[in-house]
Amino acid sequence: MIGAAAMAVHGVSRSTRDVDLFTLARECLEVAFWAPLRPTSVEARVRKGDADDPLAGVVRLTAAGGEHPLDVVVGKSPWQAAVTAGAREALIEDVRVPVASRVDLILLKLYAGGPQDAWDIQQLLEGPAGAELTARIDAAVTALPPQGRSLWARIRDAARG
């Protein structure tokens, strides 16, 4: 799990309608993969990324009524394998789900690079472990493209005052 639900597991609350899952499994981007859902009230909308897209694609799963959609985010960069490998289980509403580590969540948000992502990163860095977390991001950020590294530099500069 990534996104706002994962942030909540790490102690940062942010309102959202959806739940985001992360995978590198490209078969999720094939319409046939979701065929078993056809008899249910769940609709799967597949959006494949193009060559310039930082993601392989996204699948939005929506139940009848459209409330609480689930997004399956499909990564494509080699460094993203660490996100799934480093995930740890958390109990959410009586269900055990793998959740991205705080470091991996920050790296994904640096990779996405939007204004909400920057705010999320600042929230995730707060607290007594902020200095250790910053050092871990410093070591890992080299795997990101230039835009992600640049955003990290701006966030670090702003934190220093």
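Quick note: structure is the one above.
Residues numbered from 1 in each chain as written. Predicted model: local features only at pLDDT ≥ 70, side-chain atom pairs only at ≥ 80, totals over all residues. Heavy atoms only, no water.

A word on the sheet that holds strand β3 (residues 57-62). Strands sit in the order β1-β4-β3-β2 across an open sheet of four strands; the sheet is mixed. Two strands lie at the open edges of the sheet, namely β1 (19-23) and β2 (43-48), each paired on one side alone. Along the sheet, successive strands turn relative to each other by an average axial angle of 20°, direction set aside. Two strands pair when backbone bridges link them, and β1 and strand β4 (residues 70-74) are joined in this way by five bridges, in the parallel orientation. Looking at the pairing, T23 lines up with V74 of β4. (Pairing = 2+ DSSP bridges. Helix = DSSP H or I, 4+ residues; strand = E, 2+ residues; numbered from the N terminus. Axes fitted to C-alpha atoms, helices over the stretch in contact; angles between N-to-C directions.)

Of all hydrophobic cores here, the largest spans 33 residues; its most connected members are I106, L110, I137, W152 and I155. Going through the elements one at a time, α1 (3-9), β6 (95-99), α3 (102-112), α4 (115-125), α5 (130-140) and α6 (146-160) are the ones with two or more residues in this core. The residues contacting I137, other than those within four sequence positions of it, are V103, I106, L107, L110 and W152. (Core = buried A, V, L, I, M, F, W, Y, C linked by side-chain atoms within 4.5 Å. Buried < 20%, exposed > 50% of the residue type's maximum accessible area, 1.4 Å probe, protein only. Contact = heavy atoms within 4.5 Å.)

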